[in-house]
Amino acid sequence: MPDMARQGKDGMAKQQAGRSDRLRAALRARPYLPTGGGRIEAIDLARGIAIGLMILSHGVSGLLGIRQVPDWGMVPIHLITKFSSSLFILVFGIALAVAFLPHADAEDWPRRRMKLWLRALVVLFWYKILTVVEMLPLYQPQDIVDTLLYRRFPIWVEILGFYAIALLWVPLILPVWKRAPLWGRLASPVLMALLAYLLGRYSVFGDNEPLQALLIEHDDHYTWGQLSRGPLVLVGLLIGEAVLRCYWKPDLRWRLVKMLAGAGGVLLLTFFALAAPALGEQLMAVARNVGKHPPELMFMLFSVGGALVILALALLGGERLASWLRPITLVGTDALKAFIFHIVAIFLVMRYLFEMWQVFSYPQVLGISLALIVVTGLWIRLTTWIKVKS
């Protein structure tokens, strides 16, 4: 009997040692990035949902104004649109991982990197053009000039400014990311968030509000800080690695879906637990963008949690769900074109040319915004067809 007990203890010790060795090996592992799986339409669907929620939010706020929205419109309808920003940024990182990370150490990487930098210039160009389009019905020419020169910032199109700058620095870290061990990749979002916190905590920017707004955000400017939102891009890179590895294998995809849904569920449950003493007030506050800029705990718990659940559902549905929701998937196939189209439609056409500011009731504006999502998808389909035929 003592021999059997000793053998049992030795076996358990060997199993624990084996698990420890596997864990250490996993933490030291570089990304596994298989290629050749083809375009992943579930990513287009997730991006399309993010843009669709954004169009819904912009349509209501751009044609009616948040203060005119009834309570039943704020919660739950406008509340759900708060998933959009976090989902959009996560999918941005996922798409970069899927399309570019496998090639980050290839011979043609300089060409691919230049492609991303040129894309950054294109996004920056449209960011400035759409800044004028957004501000034209609302502001004086001098205010528009100040915004173009980064003395102040727009609201509805500012997310493009974030992407333009992010497309300059993300290509520089992709080769490093591909060589980094797993523990380094996991730690990077935490370290970036910590850096953003410390920079804000110790007020290193002085009176330079625009620089602070661009990097970590500022109370007086509606911006998306590179360091405050950058952790979501890095989390997107991590998820993108997993998508490349798991998407085309049903058992692994199901495991990834459960992990994403579980993580999103934990964040949402944490939000509801913290908000429980005054849940209605907290939901209304999130719907009214309290804690969005700069990002605060409650808003981010709700926004990121919902984004992860939507992402999990898109990956679970895969190509079939993307086909069933084809108009939304089409919107997600060309995010920049969709963004340009809906901003021009709302601010230049409807608000400036046809003077449709606060002309319609909330249900009517809601219907216009929903129709605009479909029209945006049709516009992308039409322009793609013209490009192919020409």
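Please read these numbers as outputs of a predicted model, since none were measured by experiment. (Residues numbered from 1 in each chain as written. Predicted model: local features only at pLDDT ≥ 70, side-chain atom pairs only at ≥ 80, totals over all residues. Heavy atoms only, no water.)

**Things to note about the overall build of the protein**
Here's step 1: What the protein contains, in helices and strands, is 16 helices and 0 strands.
Here's step 2: Taking 390 residues into account, the globule formula puts the C-alpha radius of gyration at 21 Å, and the protein, at 23 Å, falls close to it.
Here's step 3: Projected onto its principal axes, the C-alpha coordinates of the protein cover approximately 90 × 60 × 45 Å.
Here's step 4: Burial status across the protein gives 48% buried among its 390 residues.
Here's step 5: Put simply, 80% of the contacts in the protein that link residues at least 6 apart link residues at least 24 apart.
Here's step 6: For the protein, the computed accessible surface area is about 19600 Å², with 65% contributed by carbon and sulfur atoms.
Here's step 7: If the 39 positive side-chain charges of the protein are averaged to one point and the 25 negative ones to another, these points end up 9 Å apart. (Helix = DSSP H or I, 4+ residues; strand = E, 2+ residues; numbered from the N terminus. Rg over C-alpha atoms; globule rule 2.2 N^0.38 Å. Buried < 20%, exposed > 50% of the residue type's maximum accessible area, 1.4 Å probe, protein only. Contact = heavy atoms within 4.5 Å. Areas by Shrake-Rupley, 256 points an atom, 1.4 Å probe, with all protein chains shown as cover. Lys, Arg positive; Asp, Glu negative; His and termini not counted. Charge placed at Lys NZ, Arg CZ, Asp CG, Glu CD.)

**As for the pattern of salt bridges**
Opposite charge on two side chains permits them to pair, given that their charged atoms come into close proximity.
Here's step 1: For the structure shown, the criterion picks out 11 salt bridges.
Here's step 2: D105 serves as the salt-bridge partner of K178, at 2.8 Å between the closest nitrogen and oxygen. Of the two residues, K178 is situated in helix α7 (residues 158–179) and D105 in the loop between α4 (83–99) and α5 (109–135); the sequence distance between them amounts to 73 residues.
Here's step 3: For K178, a relative accessible area of 15% corresponds to the buried category. (Salt bridge = Lys/Arg side-chain N within 4 Å of Asp/Glu carboxyl O.)

**Focus on the environment of M135**
Here's step 1: Counting through the fold element by element, M135 comes out in helix α5.
Here's step 2: Excluding anything up to four places from it in sequence, M135 contacts D143, I144 and T147.

**So, helix α6 (residues 141–148)**
An α-helical turn contains 3.6 residues, so any two residues separated by three or four positions project in the same direction.
Here's step 1: Looking only at α6, the buried set comprises I144, D146 and T147. Across the axial projection of α6, the buried residues extend over an arc of 160 degrees, all falling on one side.
Here's step 2: Looking at the buried side of α6, the elements it contacts are α5.
Here's step 3: Y150 lies just past α6 and shows a positive phi near 65 degrees. (Arc of directions from axis to C-beta.)

**Points about unusual backbone geometry**
Here's step 1: Going from V75 to P76, the amide bond is cis rather than trans, its omega being 20 degrees.
Here's step 2: Position of P76 relative to the elements: it lies in helix α3 (residues 71–80).
Here's step 3: Here the residue pair H293 and P294 is connected by a cis peptide bond, since its omega of -15 degrees sits within 30 degrees of zero.
Here's step 4: Relative to the assigned elements, P294 resides in the loop between α12 (279–287) and α13 (297–324).
Here's step 5: Of note in this structure, E355 is not a glycine but carries a positive phi near 50 degrees.
Here's step 6: Looking at the secondary structure, you find E355 in the loop between α15 (335–353) and α16 (362–389).
Here's step 7: Backbone geometry at Q358 places phi at a positive 55 degrees, although glycine is not the residue there.
Here's step 8: Owing to a relative accessible area of 39%, Q358 belongs among the partly exposed residues under this scheme.

**Here we look at the packing of aromatic side chains**
Here's step 1: Tallying each qualifying case throughout the model produces 13 aromatic pairs.
Here's step 2: A ring pair is formed by F92 and Y163, whose centres lie 4.8 Å apart and whose planes are at 55 degrees; its orientation type is tilted. Note that F92 is positioned in helix α4 and Y163 in helix α7, a separation of 71 residues in sequence.
Here's step 3: Using a relative accessible area of 6% as the deciding quantity, one classes Y163 as buried.
Here's step 4: Ring-pair connections join several aromatic residues into one group, and the members of that group are F83, F271, F272 and F302.
Here's step 5: The aromatic ring of Y202 is capped on one face by R201, whose charged end is 5.6 Å from the ring centroid.
Here's step 6: The cationic tip of R351 hangs over the ring face of W357; the distance from NZ or CZ to the ring centre is 3.8 Å. (Phe/Tyr/Trp six-rings, centres within 6.5 Å; stacked < 30°, edge-to-face > 60°. Lys NZ or Arg CZ within 6 Å of the ring centre and 35° of its normal.)

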